[in-house]
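# A look at the structure
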Amino acid sequence: MGQSLAEILEGAAHGRFPAADGSTTVVEAPSGRDSGVIAFTAHSVVFTDEDPAWVHATLTALDCDALAATMHPGFLHAFLERTGRTTETIDLLTVAPALPGEPPLELREVTDPVHPRAVSARRRRDGVRMWAVDGGVLVLGRGVAGRWEVAVELDEDARHRGLGRALATAARHLVPDGRPLWSQQAAGNARSIRAFQAAGFRPVGSEVLLLGR
């Protein structure tokens, strides 16, 4: 494709996706931290510093539908073994455009560098900032290929009140320079998926991130 991962993501954020031709594109990992797989509709992108020939050979050897190969447990296990990395889950990858003006919530920025949510976010993101309201927090930072990402966390007794949707919407007002805002939701976390889609995030694919140990 002759594109970097950042360029592929920028296109997807604006509705321009890789050709749905059943193929897999291997691109250079954007940093030493970030490696993994993004599966769009009928086209996958593997971002890694491993040999592309190994990636394609490992996918071809699988006994499964070619469209499912990059998310197949056999490939992911081989990928993890080869790179010495670990992973947590397969996520739904979603994106939303920025919104103008101030957030519709009274947010207070949290500057505590050892707050557990901030510490967790810095494993995956640069330039992390965090805001809180009663019952929840949102975290912004630059993740894979420099994209802006948001994560939201609620207290258990604050659920089922629309706060997750409100925080995800607020994040669209906070993203710098009017950039697209990305988020991942675990495929089984239906509550989070509903909240982000209600806040205007649209699904673009699935993603597996390989994390350094």
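Refer to the structure printed above.
Notes on the structure follow. What you see as residue numbers is a count from 1 along each chain, following the sequence as written. In keeping with the predicted nature of the model, local features appear solely for residues at pLDDT of at least 70, side-chain atom pairs appear and are counted solely at 80 or more, and the whole-chain, interface and lining totals rest on all residues. Neither water nor hydrogens contribute to the side-chain values; these are computed over all heavy atoms in the structure.

### A look at the environment of L140
Our working definition: In this description a helix means any DSSP run of H or I spanning at least four residues, a strand means any run of E spanning at least two, and both kinds are numbered starting from the N terminus. Each residue is assigned to one of three classes by its accessible area relative to the maximum for its type, calculated with a 1.4 Å probe on protein chains only: buried under 20%, partly exposed between the two thresholds, exposed over 50%. What makes two residues a contact is simply this: any of their non-hydrogen atoms within 4.5 Å.
Here L140 is to be found in strand β7 (residues 136-142). For L140, a relative accessible area of 2% puts it in the buried group. A sequence separation of 72 residues divides L140 from A68, and the C-alpha atoms of the two residues are 31 Å apart. With sequence-adjacent residues up to four places away left out, L140 is seen in contact with G127, V128, R129, W131, E149, V150, A171, L174, V175 and L181.

### What to know about the sheet that holds strand β2 (residues 35-40)
Which entries qualify depends on this criterion: Following DSSP output, two strands are said to pair if at least two bridges run between them. Every axis in this analysis is a line fitted to C-alpha atoms, fitted for helices over the stretch in contact. Angles between the N-to-C directions lie between 0 and 180 degrees.
Taken in spatial order, the 10 strands of this open sheet run β1-β3-β2-β10-β4-β9-β8-β7-β6-β5, and their pairing is mixed. Each edge of the open sheet is held by one strand with a lone partner, namely β1 (23-27) and β5 (108-110). Geometrically, the sheet is characterised by an average inter-axis angle of 30 degrees between neighbouring strands, direction not taken into account. Contacts between helix α6 (residues 190-198) and the sheet are confined to β4 (91-96), β8 (148-154), β9 (181-186) and β10 (202-210), with β9 contributing the most and set at about 160 degrees to the helix.

### Thoughts on the packing of aromatic side chains
Both the distance between ring centres and the angle between the ring planes are used here to describe each pair of aromatic rings. This is how the line gets drawn: Here is the rule: rings of Phe, Tyr and Trp (six-membered ring for Trp) pair when centre to centre is within 6.5 Å. Planes less than 30 degrees apart are stacked, more than 60 are edge-to-face, and the remainder are tilted.
All told, the structure shown has 5 aromatic pairs when counted by the stated rule. Between W54 and F79, the aromatic rings sit 6.2 Å apart at their centres with planes inclined by 45 degrees, giving tilted as the arrangement. Of the two residues, W54 sits in helix α2 (residues 52-60) while F79 sits in helix α3 (residues 73-83), which places them 25 residues apart along the sequence. Taking relative accessible area as the criterion, W54 reaches 17% and is therefore assigned buried. Of the residues examined, F79 reaches a relative accessible area of 0% and is grouped as buried. Among the aromatic residues, those joined into a ring-pair cluster are W54, F75 and F79.

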